[in-house]
Each structure stands twice: as structure tokens, then as C-alpha cells.
Amino acid sequence: METRTITDVDFFLQLGADIGNWYNEAVEVQSLFPDLSLMRFRQVIEALCKQMAHAANVNLFNSDNLYDSIQELTQARIISKSAADKLHRVRIAANSRVHAKDNEGDKRVSKDIAIKVRDIMVSLLADIGPVLYPNEGGYTYTPKTIKTRERDEIISKGLNSLEAKDKFLAGLAFQENADDYAGSLSGLVLTEKQRVHVGSLTASAARFLKSAIEIDAELDDIPIPHWATPEKYNSIVYSRAKVEYLYNFALIAYDLDEQYGFRRDAERAIQAAADKGHLPSIAMLGVHKYRSRDYKEAYTLLTKAAEVGELIALRYLYFYFVEGEACEVDEEEAKKYIQKAIDLGCVTSMYQYGVDLDSGLKLNKNKSQAMYYLQCAADAGDAPAKRYLSMGGVEGFASAMQQQFINLISAMDSQNNNNKNSSTFIRGNKIGVNELCPCGSGRKYKKCCKKNGM
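Just so we're clear, the structure is a prediction, and the values are computed from it rather than from any experiment.

**Topic: the overall build of the protein chain**
Broken down by element type, the protein chain carries 20 helices and two strands. The proportion of buried residues among the 454 residues of the protein chain is 51%. For the protein chain, the proportion of contacts with a sequence separation of at least 24, taken over those separated by at least 6, is 61%. Approximately 21400 Å² of the protein chain is accessible, and the part contributed by carbon and sulfur atoms is 49%.

Right, dumping it as C-alpha cells:
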């Protein structure tokens, strides 16, 4: 029998417009937005499981849970153990990044994972092709060469497009610009010009993402009287938009300074996404409830998200039991959650756990365990962990932080005595959440010491 060749992209396009477009986008953006690429790969295998079950006339007991779906297909002998292993590898790889939006490791790590996942997907086709097309001849599957999209191209298209998807990608591109610029700065704190520039880039990202939400709601299909007031408009828009648009908008907009006016919209977006059952949004909502001291609601939301391995939910349940604000300190319960996050590959949790074991402020001091977890985080590419270890642990880190703040105060005193250079104004009263962290990690304050209570 003649063996024919088909590319991975063409194979998935045969399975339907949605699954084909998801796969194509995953390949297109794997270098620029690897986390989005991994999310798309996950959507593809979710749809694959449903299509294979349908082709075999099998009803999946829990089709909304990817792990259970793969297990059911394996137990029914619809797919081989080899296919199941590949599907699980894609699922785990996607979860490790998609469920870790505030995280951890660098973009290079995500890019490498996305490239490996595509290789897995191509090899998977030999296993699932006969399941979906049992009466067709043999195929050889190859990866299709696709031009990857560049950031400037995506922004340009987003500026001129009326499509929600293009606005969404442009928003992500603007946020990449903001992160790259902030990461390139070496100063202790931002000058006022730098702060404004980072804020404007992040605000631009939020505006594009909010536009994606509003366009995706497709209000042109609804009579104007139904959304003529602001209350009705917001209710309809946030209830109709895709959860990924709502979630990514809230992720950026929540921590913008109040002056940009996105806070209330961020609250609506994350609540709407959580109401739709989007687990990363449920986890994020739980985090914000915890930060606002609504501990009862926070616990309900965080435990729900933690059940399926949401990393930030696991980490905040650790805080819940170890900080002594939401309840009496329960170190063993706290360790249970942080250890599960670490087992799932959460680098930020490795760093956090190592610091807490080293300092003895939240947990009983254990130097050897602390160094083990910090080294694991450093080996995974975590910049704060590398810096912490290079300083010699908690004593060196505290000393360095003290010296940096002494330098900051000296700089402020010097400026108070000489206000001639207004362009180098230093904000000393409060560290903005989008400014570089004073610890020198190169991360934004909101993604570094602010999370660690410093």
C-alpha cells in the first residue's frame, strides 16, 4: 500500500476550523508567545480526545477533565499507551506554564517547551491517525514550515484590525515590550520618565485586550436598547467575551496604577471569567480576595483551583496557613500545598519555600533544605534564586537589601539638596507594582518581593 505524506498543520485543518486554527496559531506564535502556544496545543488535544471518542462511539464520563478523558480513552483501548503518554506529556507541559501566569522561569524556558511539544504533537499523529481515519491508508507525518510572526507585525495588524483575535495578540505584544524594557533597566528604582514609559506600554496592552473583549462580545448582534446604559453594556460585554481575553486583560490591568482607570474593569473581567468556570481565573480571584482580607471567600476559591493543580492557588494556600492572618498558623498544612506546587514544577514556590526555610520567619529554620530548594529554583533559571544564593543566603541578602535602601535614601537626600536635575526624579515614598524590584532581580516588584511580603 502506498504511503502518503501529510503535514501536521494540514492534518489538523482536516479535523475542523477551530482545531486547525488553534494548531496553526500555536505554531505561529511559539517563539513570540510560547505560553499562548502551549495553551493552544492543550486546546487541540482536548478537542482531539472528544473527536476520537466520537469516532469510536464512546461517551466520555468527564469530557471537561483532560486527564480523565485520556485515561478513559486508554482504558477503552481506543488509544495506545504510547498515545496516552504523549497526550499526557503535552497536558503536563501546557499546565506547567499556562497555570503559572505570574511565574517563574524565563521566556526561553517556555519557548523550549513549546518547541518540544510540537515535536510530540507530530509524533502523536501516527498514533491517532488510524483512530480518526480507520479506513484510510498509511501516512507519513511531517512538520510544516510556517513563518513565525514578529512582534511589530502583530502590533501593526492589531492597530488596523477589527478582529478581536488581532487586538488580543497586539495586547500581548505590547506587554512583551513593557516587560523587555523593564528588564533592560539596571537602576535601583525607575526614574519618573522610565516609570511613565513602562506604565504607558502596559496601559496600551490593557487597552488592546479590553478592545478584544468588547469586539468579541459582538454587540452589533444585539438591539441597542439592550445595552444602552453603562451597567447593561458591561454586563453583556463581560458575559459574552472569551475567558482567555477576560483573564489576560485582568492579569495586566489589576496591577496598573489607579490613574489608568482599569481597576473596576479588571474586577468585572476576572469575576466574569471565574463565573464561567475558568480555573486560572478562579485562582486569580481567590488571590485578590486573599489580598483584600476576604479570607472565607478566598479559601473557597483557592481550594477549588488547587484541586486541579493551579500553581498560584497552591502557593496562596501555603500563605493562608503559614502567615497567621487568615487562620492560626498550621505549618504542616502549609507545607502540603507548597510541596504540591513544587512537585508540579512551580519554580516560584521552590524559591519561596527555600527563602522561608532559610530565614526561619515563617517556617522552622532548616538551612540544608533551604539550600536544596533554592538551588533547584536557580537550576531552573530563576533569577531571584540565583541572586539570593550568590549573596550567601538570608544574611547576605538582608545585608544587600539594607545597603541598597541606604543608597536610595542617600540619593533622595542628595536630590532634596539639589533639585536642578528634574529628569532624574526618584519616587521614594512607594515602590510601584510595575517598577523594577529593589532587590535587583530584574523583575517587576509585583512579581518578586511584593509577592514574598517584602
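Here the narrative resumes.
**Concerning the packing of aromatic side chains**
Counted by the stated rule, this structure contains 23 aromatic pairs. Aromatic pair Phe11 and Tyr133: ring centres 6.1 Å apart, planes at 90°, arrangement edge-to-face. Taken as a pair, Phe11 in helix H1 (residues 8-14) and Tyr133 in the loop between helix H6 (107-132) and strand S2 (139-142) lie far apart in primary sequence, 122 residues in all. With relative accessibility at 2%, the residue Phe11 sits in the buried group. Measuring from centroid to centroid gives 5.8 Å for Tyr290 and Tyr316, while their planes differ by 75°, and the two rings are edge-to-face. Pair noted here: Tyr290 is in helix H13 (residues 279-291) and Tyr316 is in helix H15 (residues 311-322), with a separation of 26 residues, a long-range link. For the pair Tyr290 and Tyr316, one class covers both residues: buried. The rings of Tyr290, Tyr295, Tyr299, Tyr316, Tyr318, Phe319, Tyr320, Phe321, Tyr337, Tyr353, Tyr372 and Tyr373 are connected pair by pair, giving a single aromatic cluster.

**Focus on helix H7 (residues 151-160)**
Within the span of H7, buried status applies to Arg151, Ile154, Ile155 and Gly158. One side of H7 holds all its buried residues, which, seen down the axis, span an arc of 95°. Away from the buried face of H7 by more than 90 degrees, exposed residues Asp152 and Asn160 are located.

**Concerning the packing of helix H8 (residues 164-184) against helix H9 (residues 192-216)**
Direction vectors running N to C along H8 and H9 enclose 165°, while the axes themselves pass 8 Å from each other. Relative to H9, the element H8 lies roughly antiparallel. Here the hand of the crossing between H8 and H9 comes out left-handed. Split into classes, the residues belonging to the contact of H8 with H9 amount to 15 nonpolar, eight polar and two charged.

Criteria and cut-off values
Residues numbered from 1 in each chain as written. Predicted model: local features only at pLDDT ≥ 70, side-chain atom pairs only at ≥ 80, totals over all residues. Heavy atoms only, no water. Helix = DSSP H or I, 4+ residues; strand = E, 2+ residues; numbered from the N terminus. Buried < 20%, exposed > 50% of the residue type's maximum accessible area, 1.4 Å probe, protein only. Contact = heavy atoms within 4.5 Å. Areas by Shrake-Rupley, 256 points an atom, 1.4 Å probe, with all protein chains shown as cover. Phe/Tyr/Trp six-rings, centres within 6.5 Å; stacked < 30°, edge-to-face > 60°. Arc of directions from axis to C-beta. Axes fitted to C-alpha atoms, helices over the stretch in contact; angles between N-to-C directions. Parallel < 35°, antiparallel > 145°, perpendicular 65-115°, else oblique. Left-handed = near helix turned anticlockwise from the far one by under 90°. Nonpolar A, V, L, I, M, F, W, Y, C, P; charged D, E, K, R; others polar.

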